[in-house]
Amino acid sequence: MPSPSFSFAVLRNGLLLLAAWTSAAVAIAAGILAAALPGLDVLNHAAPYAFLGAVGVLSAALVMWRGQGARRAGGLAAAGLAVALLGMTVIPEAVAGLFSPRTPPGDTGATITVVTLNLWQGGAAEAQAVDFLVETNPDFIVLQETGFLYRPGLQRLREAFPFAVESVASPYAQVAILSRHPPETVNALAGEAWSLRAEGGPPRHLRWTEARFIVDGAAVHLVGLHAHRDRGVAATAAEIDAIAQTLSDIEDRTALIVAGDFNMTPWTHTLRRFAATAGLDRATHQLATYPTPARGNPDWPPFALFPIDHQFHGAAWRPVAVRRGPDVGSDHYPILVTYQAVATP
């Protein structure tokens, strides 16, 4: 009869092998297969946590399997592959976050601040969000899940930002741009230009609004969006791909600033493909925005886990300050980015 210590060693090694091969399978699905199968991109939402898990498995394997020869070579190789593949996704984003712009703007070129916030219509602390936005006083606000802007709860916001453009699909789908500057052109029905039909269901209009402004002589082509997530990651990816293709056809693409709730983390192939197709750079890195601390909901974590709210910009603007705002009563944190116009040679 085997001794208890022998049985424990066998169990430990078996579990470690299982963890190593599982990590490798997740890394292959997320890092390689998800590029062609968008539904697998859901795995990339947890890429940093999977990466840390893979590092833990590899470290444990190196310690526990020391001196056991080639019998565990497959497990070590699997754990190493998981660390390498997941690291290729996670590490560049972490490095970009470390070097997020924090320098003050220079003396030349127009400077603007853009705030994006999913207002979480129906949230009990909506007045707290309005207070924050009015006190922050940015040039532009991109809101999602606003309900209609003319309701009483947002009256003070409308008074502080007299120029507004909003989509009209439904109260929940509302995407609004509020501004201290008058728009030059407006496309409030931009989201009606393309519909998403998934699994034989009804068409889903894109939830986005756009307007063009001139600020101190510099053009700002601002787009606000809110990607659907209720039909799964593959449908969200198709929607974001369609938006990217539309944006790539805009003539003054260098003046673009795109902000909103993408319902996609930066580790996904979808968000990286969006930037490449639209020809834009992402200003936001390593800023987890969802969810905010639980308000009586025991299922919510006490800190934000996922960076799904983003801002992208064209070559005519450069970010000079990027930060996450405080908890303002929504289930998302606001994102504030200050841009400076890039001088043309």
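See the structure above.
The rules behind the values
Residues numbered from 1 in each chain as written. Predicted model: local features only at pLDDT ≥ 70, side-chain atom pairs only at ≥ 80, totals over all residues. Heavy atoms only, no water. Pairing = 2+ DSSP bridges. Helix = DSSP H or I, 4+ residues; strand = E, 2+ residues; numbered from the N terminus. Axes fitted to C-alpha atoms, helices over the stretch in contact; angles between N-to-C directions. Contact = heavy atoms within 4.5 Å. Patch = residues over 30% accessible without salt bridge, like charges linked within 9 Å, V, L, I, M, F, W, Y side chains within 5 Å. Areas by Shrake-Rupley, 256 points an atom, 1.4 Å probe, with all protein chains shown as cover. Salt bridge = Lys/Arg side-chain N within 4 Å of Asp/Glu carboxyl O. Buried < 20%, exposed > 50% of the residue type's maximum accessible area, 1.4 Å probe, protein only. Phe/Tyr/Trp six-rings, centres within 6.5 Å; stacked < 30°, edge-to-face > 60°. Lys NZ or Arg CZ within 6 Å of the ring centre and 35° of its normal.

Participant: Got a minute to help me understand the sheet that holds strand S1 (residues 111-118) in this structure?
Facilitator: Strand pairs in the sheet, formed through backbone hydrogen bonds, run parallel or antiparallel to each other. Pairing in this open sheet of six strands is mixed, and the strands run S3-S4-S2-S1-S14-S13 from one edge to the other. Each edge of the open sheet is held by one strand with a lone partner, namely strand S3 (163-166) and strand S13 (317-324). Taken pair by pair, the neighbouring strands of this sheet meet at an average axis angle of 20°, ignoring direction. Two strands pair when backbone bridges link them, and S1 and strand S2 (residues 140-144) are joined in this way by five bridges, in the parallel orientation. By the bridge assignment, Val114 is partnered in S2 with Phe140. The strands touched by helix H4 (residues 126-136) are S1, S2 and strand S14 (335-341); relative to S1, the strand with the most contacts, the crossing angle is about 175°.

Participant: Explain a nonpolar patch on the surface to me, please; I cannot follow it from the model alone.
Facilitator: Side chains of Ile28, Ile32, Leu33, Leu37 and Leu81 sit close together on the surface and give an oily, nonpolar patch of about 410 Å² of accessible area. Along the chain, Leu37 turns up in the loop between helix H1 (4-31) and helix H2 (47-64). Since its relative accessible area comes to 47%, Leu37 is described here as partly exposed.

Participant: I tried to follow the sheet that holds strand S10 (residues 256-261) on my own but got confused; where do I start?
Facilitator: One open sheet accounts for six strands, arranged S5-S8-S9-S10-S12-S11; its pairing is mixed. If you trace the sheet from one side to the other, it starts and ends with strand S5 (183-187) and strand S11 (281-282), each paired once. Here S5 pairs with strand S8 (residues 208-215) via four bridges, running antiparallel. Paired with Asn187 across the two strands is Glu210, which belongs to S8. The strands touched by helix H6 (residues 233-248) are S8, strand S9 (218-226) and S10; relative to S9, the strand with the most contacts, the crossing angle is about 165°.

Participant: Honestly, unusual backbone geometry in this entry has me stumped. Any pointers?
Facilitator: Leave glycine aside and you will find that most residues have negative phi; peptide bonds, for their part, are mostly trans. The omega angle of the peptide bond from Tyr290 to Pro291 is -10°, so this bond is cis rather than trans. Despite not being glycine, Asn137 shows a phi value in the positive range, around 55°. Considering the arrangement of structural elements, one finds Asn137 in the loop between H4 and S2. Even without being a glycine, Glu145 presents a positive backbone phi close to 55°. If you trace the backbone, Glu145 turns up in the loop between S2 and helix H5 (155-160). Glu145 gets classed as buried once you look at its relative accessible area, which sits at 8%.

Participant: Can you help me understand the environment of Asp281 in this one?
Facilitator: Note that Asp281 resides in strand S11. In this structure, Asp281 is in contact with Gln311, Phe312 and His313, ignoring residues within four places of it in sequence.

Participant: Looking at this structure, how should I read the pairing of strand S4 (residues 175-179)?
Facilitator: The element S4 is extensively covered by neighbouring structure, given that five of its five residues are classed as buried. Covered by surrounding structure in S4 are Val175, Ile177 and Ser179 together with Ala176 and Leu178, the residues of both alternating faces. For S2 and S4, the ladder comprises five bridges, and the chain directions are antiparallel. The residue of S4 that forms the bridge with Val142 is Ile177.

Participant: Where do I start with the packing of aromatic side chains in this structure?
Facilitator: Under the counting rule described, the total for this entry stands at four aromatic pairs. A ring pair is formed by Phe140 and Phe213, whose centres lie 4.7 Å apart and whose planes are at 55°; its orientation type is tilted. Here Phe213 lies in strand S8 and Phe140 lies in strand S2, a separation of 73 residues in the sequence. Pairing Phe262 with Phe312 gives two aromatic rings, centres 5.3 Å apart and planes at 55°, and the pair type is tilted. Of the two residues, Phe262 sits in the loop between S10 and helix H7 (269-278) while Phe312 sits in strand S12 (residues 309-313), which places them 50 residues apart along the sequence. No difference in accessibility class separates Phe262 from Phe312, as the two residues are buried. The rings of Phe262, Phe274 and Phe312 are connected pair by pair, giving a single aromatic cluster. Seen from the ring of Tyr333, Arg324 lies directly overhead, with NZ or CZ sitting 3.8 Å from the centre.

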